[in-house]
Amino acid sequence: MNKRKLYFWMHLLHGVLILLLILSGAVLYIDYFRILFVDFKWQIRELHTVIGFIYFAIVLLILPIVLPYVKAHRRWQKTFHICLMVSLALGWTITGLILWINPTSYLGLRQLSLTVHDFLSVFILIWVAGHILLWFLKKKKLYQPTPILNNHDRDKGMLVSRRDVVLLFSGGLLAILLGGLFRWFRPVSDSFLARLDEMKRRGYFRIYSVRTENPVFDPQTWRLTVDGLVENPVELSFDELKKLPKHTYTHDFHCVTGWSVLGVKWEGIPFQEVINLVGRKPEGKYIKMYSADRIYTETYEWSQLTQKTAMLVYNLDDKPLIESQGAPLRLFQPDMYGYKSIKWVNRIEFVSQRDLGYWEEKEGYNLDGYIS
Ligand SMILES: Nc1nc2c(c(=O)[nH]1)N[C@H]1C(S)=C(S)[C@@H](COP(=O)(O)O)O[C@H]1N2
Ligand SMILES: [Mo]
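Small disclaimer: the values here were computed from a predicted structure and weren't measured. (Residues numbered from 1 in each chain as written. Chains lettered and ligands numbered in written order. Predicted model: local features only at pLDDT ≥ 70, side-chain atom pairs only at ≥ 80, totals over all residues. Heavy atoms only, no water.)

Caption draft 1: Summary view of helix α10 (residues 271-278). Those residues of α10 that sit buried are Phe271, Val274, Ile275 and Val278. Considered in projection along α10, the buried side chains sweep an arc of 100° and stay on one side of the axis. Those residues of α10 that are buried are in contact with β1 (224-228), β2 (234-236), β4 (260-270), β5 (286-291), β7 (311-316) and β10 (345-351). Just past α10, the residue Gly279 takes up positive phi, approximately 70°. (Buried < 20%, exposed > 50% of the residue type's maximum accessible area, 1.4 Å probe, protein only. Helix = DSSP H or I, 4+ residues; strand = E, 2+ residues; numbered from the N terminus. Arc of directions from axis to C-beta. Contact = heavy atoms within 4.5 Å.)

Shown next as structure tokens:
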């Protein structure tokens, strides 16, 4: 294979791998796709990781070919481009590795990695979009590329000159920055920046559901059934439930797959209030909760839910739960992982034998889900 062809294929392979990473990453990142492919979430994660490793290997392979070339030519565009690509690859790989290892004892590090990983991905996405746009425009003859004057670019089988890519990219960045100066753009850029800031500071909920459709909450017809091995089974309307003594406190939320939200304000009814209300029979040692999605369940030892902070939550950060986050009611036990925080709770059954919950059955998650 001659050099030109080799460069061409390397460049293409590099691009294809990035595209695959972005695609598999998007499935993990975007609520809609994650929920659609929920049964394969771990497989997609593994796939994403493997492609990531291959990608990094390719970057390492390409480097010895590219570096001498950059050294010989000392053109700032080239140097800039290579440095950028290599730092992106490094940043992507290092943060990806940390997320893969998922160090539960270093939540801060994990959180930081997640933010950086997400941020770099968006950056790369913009980069790729620019690449494809230029290539497309050129194909349609809508754009005349800056002539590729030197032989090396031609040797590399470049589709467009690096210079145009750099120009387009800096142009895009500049547009976003300058956009902030125009009044019509302000709300967009401000809310974007505010959201970005909040994401950086405390993370955000990555809505997880095993069904594609959320149960709808109708305050008129909604009932919470508490039954099983209790003295007085009850059916509570939302208003009745809210009349029980409430409790509010702030605590972090951790999903076992590696993301967290810091400093979430939880407001709801301590579960002990419900126990008091119905009177647990001695045989009712375990508690099984059902979701209005009619598929998700979770179970607990009754004694795991007696601390005041184990609650049926209806307000999150001072606002009623939104539909995708379990409206009107979800459980929260601060010592346990997110999967124990069952959403759309509509039935609580006291039982004498403990069943596995949804994820415990499906993926072998730990039954108690305590954060280590
Ligand atoms: N009914 C129901 N509850 C659920 C889930 C679900 O799929 N269905 N996912 C659990 C998991 S794994 C997590 S991490 C949290 C996510 O909460 P969020 O969707 O508010 O981000 O909800 C938990 N409760
Ligand atoms: Mo989770």
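And the narrative resumes.
Caption draft 2: Main features of the pattern of salt bridges. On inspection of all chains with the given rule, the structure shows 11 salt bridges. Asp39 serves as the salt-bridge partner of Lys362, at 3.4 Å between the closest nitrogen and oxygen. Of this pair, Lys362 sits in helix α11 (residues 358-363) while Asp39 sits in the loop between α2 (31-36) and α3 (41-73); the two residues are 323 residues apart in sequence, bridging distant segments of the chain. Residue classification places Asp39 among the partly exposed positions, given a relative accessible area of 40%. Glu360 is paired through a salt bridge with Lys340; the nearest N and O atoms lie 3.7 Å apart. Within this pair, whereas Glu360 is found in helix α11, its partner Lys340 is found in the loop between β9 (330-332) and β10, the two being separated by 20 residues in sequence. A relative accessible area of 2% places Lys340 in the buried class. (Salt bridge = Lys/Arg side-chain N within 4 Å of Asp/Glu carboxyl O.)

Caption draft 3: Inspection of helix α5 (residues 107-139) at higher detail. End to end, α5 covers 47 Å across 33 residues, agreeing with the expected 48 Å (1.5 Å per residue, within 8%). Lys141 sits one or two residues past α5 and shows a positive phi near 60°. (Expected span 1.5 Å × (residues − 1).)

Caption draft 4: Molecular detail of empty space enclosed by the protein. Following the criterion strictly, the structure yields 3 cavities of 30 Å³ or more and no others. Counted as a void, the largest cavity has a volume near 340 Å³. If you trace the largest cavity, you find 26 residues lining it, with Tyr208, Ser209, Tyr296, Gly338 and Lys343 closest to the centre. Residues belonging to the lining of the largest cavity are distributed by class as follows: 16 nonpolar, 4 polar and 6 charged. When residues are assigned to domains, the lining of the largest cavity turns out to be shared by domain 1 (3-145) and domain 2 (223-363), each giving three or more. (1 Å grid on protein atoms, 1.4 Å probe; cavity = no way out; pocket = protein on both sides within 12 Å on 5 of 7 lines; lining within 4 Å. Points joined across faces, edges and corners; volume = space filled by probe spheres on them. Nonpolar A, V, L, I, M, F, W, Y, C, P; charged D, E, K, R; others polar. Domains from an automatic or database assignment.)

Caption draft 5: Examining the site of ligand 1 more closely. Taken together, 21 residues lie near ligand 1, and Tyr208, Gln325, Arg330, Ser341 and Lys343 sit nearest. Note that a nitrogen atom of ligand 1 is positioned 3.1 Å from one of the side-chain N or O atoms of Asp293. The contact in question runs from an oxygen atom of ligand 1 to an N or O atom on the side chain of Arg330, over 2.8 Å. Taking 540 Å² as the accessible area of ligand 1 by itself, protein coverage stands at 99%. Judged by the fraction of its atoms near the pocket grid, ligand 1 is located in the largest cavity. Taken together, the residues of the shell around ligand 1 sort by class into 12 nonpolar, 5 polar and 4 charged. (Near = heavy atom within 4 Å. Polar contact = N/O pair within 3.5 Å; in protein donor to acceptor, adjacent residues only side chain to side chain. Areas by Shrake-Rupley, 256 points an atom, 1.4 Å probe, with all protein chains shown as cover. Sits in = over half its atoms within 2 Å of the grid points.)

Caption draft 6: Broad picture of the pairing of strand β6 (residues 297-301). Burial of β6 is extensive: 4 of the 5 residues sit out of reach of the surface. Bridge count between β5 and β6: 5 bridges; the pairing is antiparallel. What sits directly across from Tyr286, in β6, is Glu301. Two successive antiparallel strands, β5 and β6, enclose a turn made up of 5 residues, where Arg294 displays a positive phi of approximately 65°. (Pairing = 2+ DSSP bridges.)

Caption draft 7: A look at the sheet that holds β10. Across the sheet, which stays open at both edges, the 5 strands sit in the order β2-β1-β10-β5-β6 with mixed pairing between neighbours. With partners counted over all chains shown, the strands left at the sheet margins are β2 and β6, one partner each. With direction set aside, neighbouring strand axes in the sheet form an average angle of 15°. Strand direction decides the pairing type here: β1 and β10, joined by 4 bridges, are parallel. Bridging from a neighbouring strand, Thr225 pairs with Arg347 of β10. Across the sheet, α10 is in contact with β1, β2, β5 and β10; its angle to β10 comes to roughly 60°. (Axes fitted to C-alpha atoms, helices over the stretch in contact; angles between N-to-C directions.)

Caption draft 8: How the structure looks around unusual backbone geometry. Between Ala327 and Pro328 the backbone carries a cis peptide bond, its omega angle lying at 0°. The topology assignment puts Pro328 in the loop between β8 (319-320) and β9. With a phi close to 65°, Arg294 is a non-glycine residue in the positive phi region. Of note in this structure, Asp317 is not a glycine but carries a positive phi near 50°. Note that Asp317 resides in the loop between β7 and β8.

Purely geometric stuff here, so don't read any function into it on its own.
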